[in-house]
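Descriptive structure summary
Residues per chain are reported as follows:
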Amino acid sequence: MAVPDLAIETHGLRKTYRTVRGRTVGVESLDLAVPVGGVHGFLGPNGSGKTTTIRMLLGLVRPDSGTASVFGVEVPRHLPDVVARVGAIVESPKFFPAFSARRNLVLLADGIGAPRTRVDEVIEQVGLAGRSRDRYRTYSLGMKQRLAIAATLLKDPDLLIFDEPTNGLDPAGIHEIRETMRSLGDQGKTVLVSSHILAEVEQVADTVSIVTRGRLVASGRVADLLGEATGASVLVRVAPDDVGTAERVLVTAGHVVRSEDGALVVDGATDAAALNRLLGEQGVWASEIVVRRPDLEQVFLGLTQHDVPGGTSHRSERRLWGGGGRTARHGGPDGTAADAGTSDESTDEVRA
Ligand SMILES: Nc1ncnc2c1ncn2[C@@H]1O[C@H](COP(=O)(O)OP(=O)(O)OP(=O)(O)O)[C@@H](O)[C@H]1O
């Protein structure tokens, strides 16, 4: 059988919820393509349908329409065939506070039939080796979250799904989780991480899907999305007496220049060296010259600013997968585990 190059694929996935006020759209019509291997950010503002999508993938919520597959296996219909390759942290598992992390994991391994030899491996994988014999209750929030990831890794899944894993963590905890996700991605696992904090995901994700109002608005490699975005500029600072000359030189060379806090900003430019040379040739020396590129947050705002609240106006989706654009990390050991979390939210929800 051919090995699928997508870990997750959805087409026209839709989910509405029954509420006292009628029907609420959880996911409007979602087309998602998550490549195998590496970290994929699933980004969107609160209420854009990320959790609903994840729950549909895990068989916890039944879609109204559309299709979804995990490693080429249609879900939820054939979820049992692939569930062993999926690990998810949708909500934190319960650990015994008075037991060490290691003892907690040994109990879990026994419970799910994973070999005890996995316990030390997963502790190592999440960077808790030095603290594994300490009681769980002495752990920081970041360490607790890493232990939750370790529990999910016990059966060695190929796909790890994290729904807002850094919620409630301080910067050190966020850093720990980011490092853990990065290292799992580097080991060949596919990590899907949902977040509404774009800057945070930008630092760890190879590829992203950006959703708003239950639809995909952009997807591709982070570098490509940032590279394609307009809005780059170069800030040039010169001595106050040279500002007029510098502006004239730059404008004469065809640049669009504006002033900002006593400095000059050359909109649309990225070649700082060329600007520096241009100024130098006219005897003007920059004391500061900085290329400013838009971050993912700005890309996102640019894609969604035309959305009408509650309306139906959506920008068309942009995909940047192009030839060779996909993350080319494949592999990862065949897994056998899944911890698909629990469902408690809605009468519409199902378990596969
Ligand atoms: N069980 C439910 N019953 C009714 N409406 C729901 C239910 N779950 C989600 N919704 C609604 O569906 C929409 C999408 O919610 P969802 O939680 O999937 O978004 P999200 O992107 O994960 O948001 P957040 O980042 O806040 O978790 C929201 O309008 C939400 O209120």
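Residues numbered from 1 in each chain as written. Predicted model: local features only at pLDDT ≥ 70, side-chain atom pairs only at ≥ 80, totals over all residues. Heavy atoms only, no water.

The name given to the chain in an unreviewed UniProt entry is ABC-2 type transport system ATP-binding protein, with Isoptericola jiangsuensis as the source organism. According to the UniProt record, the Sequence similarities (unreviewed entry) comment for the chain reads "Belongs to the ABC transporter superfamily." (UniProt positions renumbered as here; feature names shortened; annotations may be inferred.)

**With respect to the overall build of the chain**
Assigned secondary structure in the chain consists of eleven helices and 15 strands. The contacts in the chain between residues at least 6 apart in sequence include a share of 73% that link residues at least 24 apart. Accessible surface, the chain as shown: approximately 16,500 Å² in total, 50% of it carbon and sulfur. (Helix = DSSP H or I, 4+ residues; strand = E, 2+ residues; numbered from the N terminus. Contact = heavy atoms within 4.5 Å. Areas by Shrake-Rupley, 256 points an atom, 1.4 Å probe, with all protein chains shown as cover.)

**Digging into the confidence of the model for the chain**
Summarising the model, the chain shows a mean pLDDT of 82, and 83% of its residues fall at 70 or more. Counting contacts from residues 319-352, a segment whose pLDDT is below 50, to residues more than four positions away or on other chains yields 102 contacts. (pLDDT = per-residue confidence, 0-100.)

**So, the sheet that holds strand β4 (residues 65-70)**
One open sheet holds the four strands; their spatial order is β2-β1-β4-β5, and the pairing between them is antiparallel. Strands at the two margins of the open sheet, each flanked by one partner only, are β2 (22-35) and β5 (73-75). Taken pair by pair, the neighbouring strands of this sheet meet at an average axis angle of 30 degrees, ignoring direction. As defined by bridge partners, β4 adjoins β5 across three bridges and the pair is classed as antiparallel. Paired with Ala-68 across the bridge in β5 is Val-75. (Pairing = 2+ DSSP bridges. Axes fitted to C-alpha atoms, helices over the stretch in contact; angles between N-to-C directions.)

**Things to note about the site of the ligand**
Around the ligand, the surrounding shell holds 16 residues, and the nearest of these are Gly-47, Gly-49, Lys-50, Thr-51 and Thr-52. A distance of 3.0 Å separates an oxygen atom of the ligand from a polar atom in the side chain of Asn-46. Between the ligand and Thr-51 there is a distance of 2.7 Å, counted from an oxygen atom to a side-chain nitrogen or oxygen. With the chains in place, 71% of the 630 Å² that the ligand exposes on its own is no longer accessible. (Near = heavy atom within 4 Å. Polar contact = N/O pair within 3.5 Å; in protein donor to acceptor, adjacent residues only side chain to side chain.)

**Considerations on empty space enclosed by the protein**
A complete count under the given rule lists two cavities of 30 Å³ or more for this structure. Computed from the structure, the second largest cavity encloses a volume of approximately 50 Å³. If you trace the second largest cavity, you find it lined by Pro-165, Thr-166, Ile-174, Arg-178, Met-181, Val-193, Ser-194, Ser-195, Glu-200, Val-201 and Val-204. Where the lining of the second largest cavity is concerned, the elements lending two or more residues are α6 (171-186), β8 (190-195) and α7 (198-202). Of the residues assigned to the lining of the second largest cavity, the class counts are six nonpolar, three polar and two charged. (1 Å grid on protein atoms, 1.4 Å probe; cavity = no way out; pocket = protein on both sides within 12 Å on 5 of 7 lines; lining within 4 Å. Points joined across faces, edges and corners; volume = space filled by probe spheres on them. Nonpolar A, V, L, I, M, F, W, Y, C, P; charged D, E, K, R; others polar.)

**What about the pairing of strand β11 (residues 233-237)?**
In terms of burial, β11 is a largely internal element, four of the five residues being buried. For β11 and strand β14 (residues 288-292), the ladder comprises five bridges, and the chain directions are antiparallel. Directly across from Leu-235, in β14, lies its bridge partner Val-290. (Buried < 20%, exposed > 50% of the residue type's maximum accessible area, 1.4 Å probe, protein only.)

**Side note on the sheet that holds β11**
As summarised here, the arrangement of the four strands in space is β12-β13-β11-β14, forming an open sheet in which the pairing is antiparallel. In this open sheet, the two strands that pair with only one neighbour each are β12 (256-260) and β14. In this sheet, adjacent strand axes meet at a mean angle of 25 degrees when their direction is disregarded. Strand direction decides the pairing type here: β12 and strand β13 (residues 263-267), joined by five bridges, are antiparallel. Within β13, the position partnered with Ser-259 by the bridge is Leu-264.

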